[in-house]
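One letter stands for each residue in the lines below.
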Amino acid sequence: MTKQKVIVVGGGIVGCMTAMALVKRGCSVTIVERNQIASQNSGESSWAGGGIIFPLLPWMYSAPVNALTNSGANAYKALSQQLQHETGIGCDFDQSGMLLLPNFDAEAAQTWCAQNQLPIQAVKASAFGVQSSGGENAHWLPTVCQIRPPFLMQALRQWLIQNKVTMLERTELVPLKQTSELNTWQTVNGGTLAADQFVVTSGAWSFELLKDTSAKLNIKPMRGQILLYKPQKNLEQIVFKEGFYLIPRRDGHLLAGSTLEDVGFDTGVTEAVRNEISAKAEAIMPALKGMPIIKHWSGLRPGTPDNLPTISAHPTIKNLYLNTGHFRYGLTMAPASAALVAALVLGETSPLDVTPYVCKK
Ligand SMILES: Cc1cc2nc3c(=O)[nH]c(=O)nc-3n(C[C@H](O)[C@H](O)[C@H](O)COP(=O)(O)OP(=O)(O)OC[C@H]3O[C@@H](n4cnc5c(N)ncnc54)[C@H](O)[C@@H]3O)c2cc1C
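As the structure is a computational prediction, the values presented were derived from the model and not from experiment.

Before going further, it helps to examine the overall build of the chain. Helix and strand content of the chain: 8 helices and 18 strands. Here the chain has a C-alpha radius of gyration of 20 Å; the compact-globule value for 361 residues is 21 Å, and the two agree. When its C-alpha atoms are laid out on the principal axes, the chain stretches across 60 × 40 × 40 Å. Across the 361 residues of the chain, 46% fall into the buried class. Across the chain, contacts joining residues at least 24 apart in sequence account for 73% of those joining residues at least 6 apart.

The structure is reproduced here in structure tokens:
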């Protein structure tokens with residue numbers, strides 16, 4: 001049997017995991033990426049993310065969002081071990097746990113955790129060495145994990161190269177025109193790329209690429225800014241307070257973030273946000289006062305209503321699939337979302353109910 005030739009458009013976490021899922025199922029895969037995969041470019045979300053493998057406050061989200069985050073999160077331990085074993089690159093997967101500081105809906109948290117067998121414990125914030133302006137009554141989620149997105153992307157890139165995925169980097173595809181069937185797609189430099197199937201994994205740029213063909217695709221960039229510190233004494237666990245988080249890395253670094261900004265494709269960082277984030281970080285960890293900020297960056301999330309991605313065949317164009325719009329939790333969702341789109345491309349039974357993620361006509 002001849003191998004299905006699939007082109008994946010976009011080499012962020014969703015594109016790389018989609019390529020991995022397709023290669024494991026015997027496809028011949030090419031990733032087309034307008035920048036370089038696994039490096040910090042201009043605005044891509046995957047390198048820039050915090051790497052918490054958990055949907056922060058899952059009780060705020062719908063069942064279809066949590067189905068993807070749960071399934072994705074459950075895949076990470078084995079995935080990071082496989083990548084380490086087969087590429088020699090570690091992703092710093094770590095079950096660091098997460099401390100939730102008030103204010104949040106403790107009753108909703110406890111009910112959801114009980115229903116979903118997620119361990120949660122009422123604790124005192126001071127026992128974790130942090131300041132809590134909203135009171136001492138915190139909650140501890142010991143099973144929450146994290147990963148280092150830049151390391152994960154490097155390991156995935158290496159794994160894909162070893163498994164004969166073709167990488168067409170610095171290659172940009174033009175916005176698609178309406179057609180009934182997709183057999184070729186043009187690059188901005190006038191090249192023509194042919195495949196049996198195409199999967200769009202272009203993150204925040206997906207609507208720009210598909211707007212002539214999918215007017216109802218509701219994806220827009222949502223900028224997030226993050227600061228990086230290296231404190232003398234680091235936290236042991238992720239700390240979350242009212243939309244803000246601190247993420248300690250095992251090598252002594254500490255991330256503080258992030259923002260949710262509706263500023264189009266502006267990938268800049270701002271002084272105002274730097275001050276806002278550092279003030280929030282110092283309020284939880286006073287030892288950060290006066291510490292140098294090592295780095296300050298931003299990324300453009302593929303923002304969608306209700307955080308619900310589109311994982312679907314295109315409603316009118318044959319041979320075209322979408323795996324995009326993962327908004328705040330693309331790192332967490334990517335393994336599950338990739339398995340789902342790979343099943344659609346190959347006509348296999350899907351591991352999850354696909355109905356909530358279908359692209360509207
Ligand atoms: C500050 C911040 C913190 C975050 N923290 C977390 C977290 O803790 N946990 C979590 O689960 N998620 C987190 N996220 C969200 C997560 O990073 C995103 O959901 C995820 O990275 C989206 O991946 P993607 O592959 O769809 O998009 P991207 O990584 O943006 O990749 C899309 C790719 O498509 C390419 N592309 C676009 N157009 C074209 C074209 N025409 N031709 C060729 N290539 C093209 C782009 O260059 C890009 O590389 C965070 C995001 C940000 C910004």
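Alright, that's what it looks like, and here's the rest.
Take the domain arrangement of the chain next. Domain annotation for the chain reports domain 1 (5–89 + 149–218 + 305–357), domain 2 (102–140) and domain 3 (220–303). Here the C-alpha centre of domain 3 lies 22 Å away from the C-alpha centre of domain 2. Listed as interface residues are 5 residues of domain 2 and, on the opposing side, 7 residues of domain 3. Across the side of domain 2 that touches domain 3, the residue classes tally to 2 nonpolar, 3 polar and no charged.

Another aspect to go through is the site of the ligand. The environment of the ligand is formed by 42 residues, the closest being Gly 10, Gly 12, Gly 203, Gly 224 and Gly 330. Mapped by element, the contributors of at least two residues to the shell around the ligand are α1 (13–24), β2 (28–33), α2 (45–48), β12 (220–229), β16 (295–303) and α8 (330–346). Split into classes, the residues belonging to the shell around the ligand amount to 15 nonpolar, 21 polar and 6 charged.

Glancing now at the sheet that holds strand β5 (residues 121–124). Pairing in this open sheet of 8 strands is mixed, and the strands run β5-β6-β4-β13-β14-β15-β12-β16 from one edge to the other. With partners counted over all chains shown, the strands left at the sheet margins are β5 and β16, one partner each. Mean inter-strand twist for the sheet, computed between neighbouring axes without regard to direction, equals 25°. Bridging between β5 and strand β6 (residues 137–141) involves 4 bridges; their strand directions are antiparallel.

Moving on, we come to helix α5 (residues 149–162). Given 3.6 residues per turn, any residue in an α-helix points the same way as the ones three and four places further on. Helix length check: α5 (14 residues) gives 20 Å between terminal C-alpha atoms against 20 Å at 1.5 Å per residue, within 8%. Every buried residue of α5 is listed here: Pro 149, Leu 152, Met 153, Gln 154, Ala 155, Leu 156, Arg 157, Trp 159 and Leu 160. Looking at the buried positions of α5, the neighbouring elements they touch are α1, α2, α3 (63–87) and α8. At the exit of α5 stands Lys 164, carrying a positive phi of roughly 65°.

Looking now at the sheet that holds strand β18 (residues 320–324). Overall, mixed pairing links the 6 strands, which are arranged β8-β2-β1-β11-β18-β17 in an open sheet. The sheet terminates laterally at β8 (166–169) and β17 (310–313), the two strands that pair on one side only. Taking each pair of neighbouring strands and ignoring which way they run, the sheet shows an average axis angle of 15°. Judged from the 3 bridges that link them, strand β11 (residues 197–200) and β18 form a sheet pairing that is parallel.

At a closest axis distance of 7 Å, the pairing of α3 and α8 adopts a crossing angle of 90°. One finds that α3 runs roughly perpendicular with respect to α8. Along its contact with α3, which presents Leu 68, Thr 69, Ser 71, Gly 72, Ala 73, Ala 75, Tyr 76 and Leu 79, the element α8 presents Thr 332, Met 333, Ala 334, Pro 335, Ala 336 and Ser 337. Considering only residue class, the contact of α3 with α8 consists of 9 nonpolar, 5 polar and no charged.

Let us look at the pairing of strand β1 (residues 5–9). Along any regular strand the residues' side chains alternate between the sheet's two faces. Counted residue by residue, β1 has 4 buried out of 5 residues, so it is predominantly covered. Bridge count for β1 against β2 is 5 bridges, and the pairing is parallel. Bridging across to β2, Val 8 finds its partner in Ile 31. Between β1 and its parallel partner β2, the chain crosses via α1, and the hand of that crossover is right-handed.

It is worth spelling out the environment of Ala 125 at this point. Within the secondary structure, Ala 125 sits in the loop between β5 and β6. By the C-beta count within 10 Å, which is 24 here, Ala 125 ends up buried. The spatial distance from the C-alpha of Ala 125 to the C-alpha of Ile 53 is 22 Å, given a sequence separation of 72 residues. Excluding its chain neighbours within four sequence positions, the residues that come into contact with Ala 125 are Leu 101, Val 130, Ser 132, Glu 136 and Ala 138.

To continue, consider the environment of Trp 140. Within the fold, Trp 140 resides in strand β6. Separated by 70 residues in sequence, Trp 140 and Leu 210 place their C-alpha atoms 42 Å apart. Ignoring any residue separated from it by four or fewer positions in sequence, one finds Trp 140 in contact with Gly 97, Leu 99, Gln 121 and Val 123.

Here β11 shows a buried face lined by Gln 197 and Val 199 and a second buried face lined by Phe 198 and Val 200. Here β1 pairs with β11 via 4 bridges, running parallel. Looking at the pairing, Val 8 lines up with Val 199 of β11.

Let's shift gears to the packing of α1 against α8. Direction vectors running N to C along α1 and α8 enclose 40°, while the axes themselves pass 8 Å from each other. Between α1 and α8, the angle is such that the two are oblique. Taken as a pair, α1 and α8 cross one another with a handedness that is right-handed. Contact with α1, carried on its side by Ile 13, Val 14, Met 17, Thr 18, Met 20, Ala 21 and Leu 22, involves Gly 330, Leu 331, Ala 334, Pro 335, Ser 337, Ala 338, Ala 339, Val 341, Ala 342 and Val 345 of α8 and no other residues of that element. Among the residues making up the contact of α1 with α8, the classes are represented as 14 nonpolar, 3 polar and no charged.

Thresholds, definitions, all that
Residues numbered from 1 in each chain as written. Predicted model: local features only at pLDDT ≥ 70, side-chain atom pairs only at ≥ 80, totals over all residues. Helix = DSSP H or I, 4+ residues; strand = E, 2+ residues; numbered from the N terminus. Rg over C-alpha atoms; globule rule 2.2 N^0.38 Å. Buried ≥ 20, exposed ≤ 12 C-beta atoms within 10 Å, placed from the backbone. Contact = placed C-beta atoms within 7 Å. Domains from an automatic or database assignment. Nonpolar A, V, L, I, M, F, W, Y, C, P; charged D, E, K, R; others polar. Near = placed C-beta within 6 Å. Pairing = 2+ DSSP bridges. Axes fitted to C-alpha atoms, helices over the stretch in contact; angles between N-to-C directions. Expected span 1.5 Å × (residues − 1). Parallel < 35°, antiparallel > 145°, perpendicular 65-115°, else oblique. Right-handed = clockwise from strand over helix to strand, strands pointing away. Left-handed = near helix turned anticlockwise from the far one by under 90°.

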